[in-house]
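Understanding the architecture of this molecule
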Amino acid sequence: MLRTNLTAVVLFAVVSTCTFGAISSAESPTPTSVRFNRDVRAILTDKCFACHGPDAETVEGGLRLDLRAQAVDETGVIVPGDAEASELVRRIDSGDQYEVMPPPETHKPLTDAEREVLRQWIQQGAEYEPHWAYSPMRVPDALGGEGDENLTAVIDQLIADRLDAEGITPAEPADRITLIRRLSLDLTGIPPTPEEVDRFVQDDSEGAYAALVDRLLASQRFGERMAIYWLDLVRYADTVGYHGDQNVSQSPYRDYVINAFNKNLPYDRFIREQLAGDLLPHATLQQQVASGYNRLNQTTEEGGAQGKEYLAIYFADRVRNVSQVFMGATMGCAQCHDHKYDPYTTRDFYSIGAFFADLDERGVYGARSRPPMIHVPDAPLQEKLDQLDREIADLESGVPALKQQLLERQDQWERTALERLDEPGEVEAIWVDDRQGIGGDRGERWDYVDAQQGPVHSGALSRRQQNEGLVQHLFQNAETPFEVSADSRFYAWVHLDPDQPPQAVMLQFNDGNWNHRMVWGGDEIPYGRKPESDAAYRRAGALPETGRWVRLEVHAEEVGLAPGAKVHGMAFTQFGGLVHWDKAGAILAKGMPESVAAALRIAPSDRTSEQAAAVEDYYLSQAAELVERRAQIESLRTRRKQLYESAPQTVVSKSVAPRTIRVLPRGNWMDDSGPEVQPAIPEFLGQLETADRATRLDLAEWLCRDDNPLTSRTMANRIWSLLFGRGICASVDDLGGQGTYPSYPDLLDALAIDFVQSGWDIKHLMRSIALSAAYRRSSVASVELKRRDPYNDLFARQGRFGLQAETVRDAALAISGLLVEQLGGPSVHPYQPAGYYGQLNFPRRTYQADAGSDQYRRGLYTHWQRTFLHPMLKAFDAPSREECTAARARSNTPLQALVLLNDPTFVEAARVFAERTMREGGRTEEQRIRWAYREAVSRVPPPEIAAELHAVYVKHRQYYREHPEAAEQLVSNGQAPLATDLPSAELAAWTSVARVLLNLHETITRY
């Protein structure tokens, strides 16, 4: 990948209070100096800005402390160089409750240390600094080379310089077992096997560690591990969130994210494809899937919901997510008023949201669908679809020649047809049976079932249709329209389920419009509904009898179809219930339309061109060879459609004419009095230069510009936090005024600039960090180091923290040998307590755990029910994903221990782990304990721990020998086959040992 020399790069940012020039070298403050950004801003933000900050509407006394011009020049509240003469110091030191600042009623008093910082700052000149996150990124003097090694050296040099200045001795390097376990968990989310540990420990070559990093980054597991974090950010879930929290299919988006990380898709392209994949030239299927990011917000299909209100809710949600994911900004605070701590205005909030005004969406959805959606076939399915396309093309290519052969025999057919014109009788034209046989366009939801799946009247298949509300399937634009005669009738066979009958059923016909309808039952179907019956809504009476096949018939004249009308479409509609539909078509009293019969009586030489065409078209429509060819084509098309529709669906972005966006006063969705806004970036960060209305693609391009100070800083900081447990800026969700000051601002800029110049290469950034001495340090801190740096802000040691919920599950399955590794696919359903979904309604549902291999997939693929998150995930601090989560909470609770001991997944994992221990762990109890412990935590147990585990085994073996029924119950947990050749009491005792091992702090902690 082409990289330019970083020292030659000049990045600019436009900010509200200053103009910045070329990148300057980083300057380290003296220990006694006070810096505005580092020391003062956080105090003013927390204690003062609510009344004297950026929100102009709530400024008290005309004083803004965020602007030096007001605080120093206009009001004189601050006198640079003379703290005692400054009104600010007098007020913060005042003992008068009516004068002291902050006022007592704010309940935010300043501490003595905070007052001293403000006093020193003023005494030293009260120098203001623009907020660090909105300022240009600065290249440290040390950053001048290229490649991973250079950035790695910069990381270590900057940290070493700071530690030296602070007089802090860093922790020792971690041992090699800890290193491989740390790396494996950080980069793949799966602990290493003992064999992998041995290979690394025994490899004393110079490049062994770098090779390990490269191997793990190249693993398919890497994308799955990174996807867990990204899906938290973008609030990916398998349900809609609001009201009934119904399921919604969007797993192909998750697969896109996994594959993007595995392929090391440049981060700038990753952003473009998600924000505007549908707007890219010749957008690929995967780019369309990526655009589904814009549709991952919570939605509703509540019957009484107001569409306009929910569009405003979705709008605000999208602004919050985009700003936090890509900019580390809390723009949600500007929805109702200007941001109180950052320069974002309410107009900025709505201007950012206006970029998404072109999305095709609705406020209230229905029928468990979130259009627009597309099917996303996987590679094997796509190969089958391509093969069918080739077969269809081959058959279609032969149609012209076949027609020509048939036309050579038309004279013979005409003579025979003339002789039979006056013969009486009815002819049935079958339009739909086991397939739709007259061509044209088919709508969605043609759900064919066989006799094993439901009732069938004719042939081998019927069409199943079920819904709680309005639903239909249809075809239109038939290749050979049906010409209506005076006595034409239409029919369709139906079977109404006796336990779930619909409220109404309807047949509709299209001769250029759909205003030809017959309805049976109630008036629930809205199409054409009027108080009085007419051709567009003809009431036929009560519902057909349930539990048996009934033929519905409609006379053409009843629904306003006059002789000569050409019907090219038919719809099968119902409201609620379960209905099976079968053979449908038309009935003619004579076998030939009157217009064709009349033309046939005219000598071929005397026919008009229209008459000749009518005869020819009718002849070809009846020719057996052509009918068979078309049937073959239609059969293949039906097969292709069924295969295509078997692929999972996902929501996507579709651009339509943008709706008008106005500033909503106080965020009130009913108040349209605010000014109209156009898409624009926050004003203090500059403006976009576009010829026309700015698009989502323009927004993505701005986010990825070299002079954008936020995007690369945000992602680099988050990548660092994944590898250390905390960011350089500890508030990884907020780089703004309420966030924390970076402990190493120059290091963060070095990472961010190198990230951009590497081509937004995520694996390069992670490799550079992983190779550093800082990353490889021990997480064991001395007493002195804990005292000097309790939160590890200076990174003199590595972090230690609990594994994420999904990784806890994955580790248990991997250790036991149950883990099934299959990349991508729909979400899966692990064991879950019965009745957990008891409060879910619309519809009510019963959770069904998966059988087979899906039960043992990685936690990443677990069905994510927003309002009722899987209990194991919830216990281990996984978010509901209703909002962006940049950093999960970390807790250590008794409930987590109970989950590890009693969740069926972990009990089953312990049982299978115990079976492995008995088979693979050796002959003696001591060997088995040593083997099992090493499988779980990668190292051999100290003698005292081995003794404790052995005591557990002995105690439980005795118990289960005395209680064989309890042993049988324990070892029968889960779907995995039971090892019948192993003694139950011994297997149960080893299962108890395995449960202890899976519950160890060391098993579920990353060191």
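Residues numbered from 1 in each chain as written. Predicted model: local features only at pLDDT ≥ 70, side-chain atom pairs only at ≥ 80, totals over all residues. Heavy atoms only, no water.

With that settled, consider the UniProt feature "domain: Cytochrome C Planctomycete-type" (unreviewed entry) in the chain. Those residues carrying the UniProt feature "domain: Cytochrome C Planctomycete-type" (unreviewed entry) are residues 48-105 in this numbering. Span residues 48-105 is 31% helix and 0% strand, its end C-alpha atoms 13 Å apart. (UniProt positions renumbered as here; feature names shortened; annotations may be inferred. Helix = DSSP H or I, 4+ residues; strand = E, 2+ residues; numbered from the N terminus.)

Relative to the 33 Å expected for 23 residues at 1.5 Å per residue, helix α21 (residues 624-646) spans 32 Å between its end C-alpha atoms, a close match to the ideal helical length. Three or more residues of α21 are buried, namely Leu626, Ala631, Ile633, Glu634, Leu636, Thr638, Lys641 and Leu643. (Expected span 1.5 Å × (residues − 1). Buried < 20%, exposed > 50% of the residue type's maximum accessible area, 1.4 Å probe, protein only.)

The subject of this paragraph is the domain arrangement of the chain. Quite often, the size of an interface is put as the accessible area lost when its parts meet. Its domain assignment divides the chain into domain 1 (11-130), domain 2 (148-218 + 709-801), domain 3 (225-376 + 654-703), domain 4 (383-642) and domain 5 (804-875 + 892-1007). Carbon and sulfur atoms supply 51% of the area that domain 2 and domain 5 bury against each other, a total of about 1600 Å² over both sides. Contact with domain 5 buries area across many residues of domain 2, yet Arg181, Ile190 and Pro194 alone supply 35% of it, more than any other trio. Counting every contact that joins domain 2 to domain 5 gives two salt bridges. With a closest N to O distance of 2.6 Å, Arg1006 and Asp186 form a salt bridge. Viewed at the interface, domain 5 and domain 2 are joined by 10 residue pairs in polar contact (both at pLDDT 80 or more). Secondary-structure elements contributing two or more residues to the side of domain 2 that touches domain 5 are α7 (176-187), α8 (194-202) and α23 (711-724). The dominant element in the side of domain 2 that touches domain 5, judged by the number of residues it contributes, is α7, at six residues. Classifying every residue of the side of domain 2 that touches domain 5 by side-chain character gives 11 nonpolar, six polar and five charged. (Domains from an automatic or database assignment. Buried area = accessible area lost by both parts, 1.4 Å probe. Salt bridge = Lys/Arg side-chain N within 4 Å of Asp/Glu carboxyl O. Polar contact = N/O pair within 3.5 Å; in protein donor to acceptor, adjacent residues only side chain to side chain. Nonpolar A, V, L, I, M, F, W, Y, C, P; charged D, E, K, R; others polar.)

Per the UniProt entry, the sites bearing "domain: DUF1553" (unreviewed entry) are residues 695-951 in this numbering. The annotated region residues 695-951 carries 45% helix and 1% strand content, and the separation between its end C-alpha atoms amounts to 67 Å.

What follows covers the sheet that holds strand β14 (residues 569-575). As a general point, the strands of a sheet are linked pairwise by backbone hydrogen bonds and lie either parallel or antiparallel. One open sheet accounts for six strands, arranged β3-β6-β14-β9-β10-β11; its pairing is mixed. Two strands bound the open sheet, and with one partner strand each, they are β3 (441-442) and β11 (538-541). Relative to β11, strand β10 (residues 517-521) runs parallel, the two being bridged by three bridges. Bridge pairing in β11 places Met518 opposite Arg538. (Pairing = 2+ DSSP bridges.)

With that settled, the discussion passes to helix α12 (residues 267-276). For α12, the buried fraction is high: nine of the 10 residues fall into the buried class. Those residues of α12 that sit buried are Tyr267, Asp268, Phe270, Ile271, Arg272, Glu273, Gln274, Leu275 and Ala276.

Positionally, Glu935 belongs in helix α31 (residues 925-937). Looking at Glu935, the relative accessible area reads 11%, which means it is buried. With residues near it in sequence (within four places) discarded, Glu935 still touches Pro194, Ile815, Phe913 and Arg916. (Contact = heavy atoms within 4.5 Å.)

Here we come to the pattern of salt bridges. Two side chains carrying opposite charge are able to pair once their charged atoms lie near each other. Applying the stated criterion to the full structure yields 65 salt bridges. Residue Arg409 is joined to Glu625 by a salt bridge in which the shortest nitrogen-to-oxygen separation is 2.5 Å. Here Arg409 is found in the loop between α17 (399-407) and α18 (410-419), whereas its partner Glu625 is found in helix α21, with 216 residues between them in sequence. We classify Arg409 as partly exposed; its relative accessible area is 38%. Salt bridges here are not isolated pairs; linked through shared partners, they connect Asp93, Asp112, Arg115, Glu116 and Arg119.

Here Arg800 lies in the loop between α26 (783-788) and β19 (801-802). For the pair Arg800 and Tyr1007, spaced 207 residues apart in the sequence, the C-alpha separation amounts to 4.5 Å. In this structure Arg800 touches Ser779, Val780, Arg1006 and Tyr1007, once residues within four positions along its chain are discounted.

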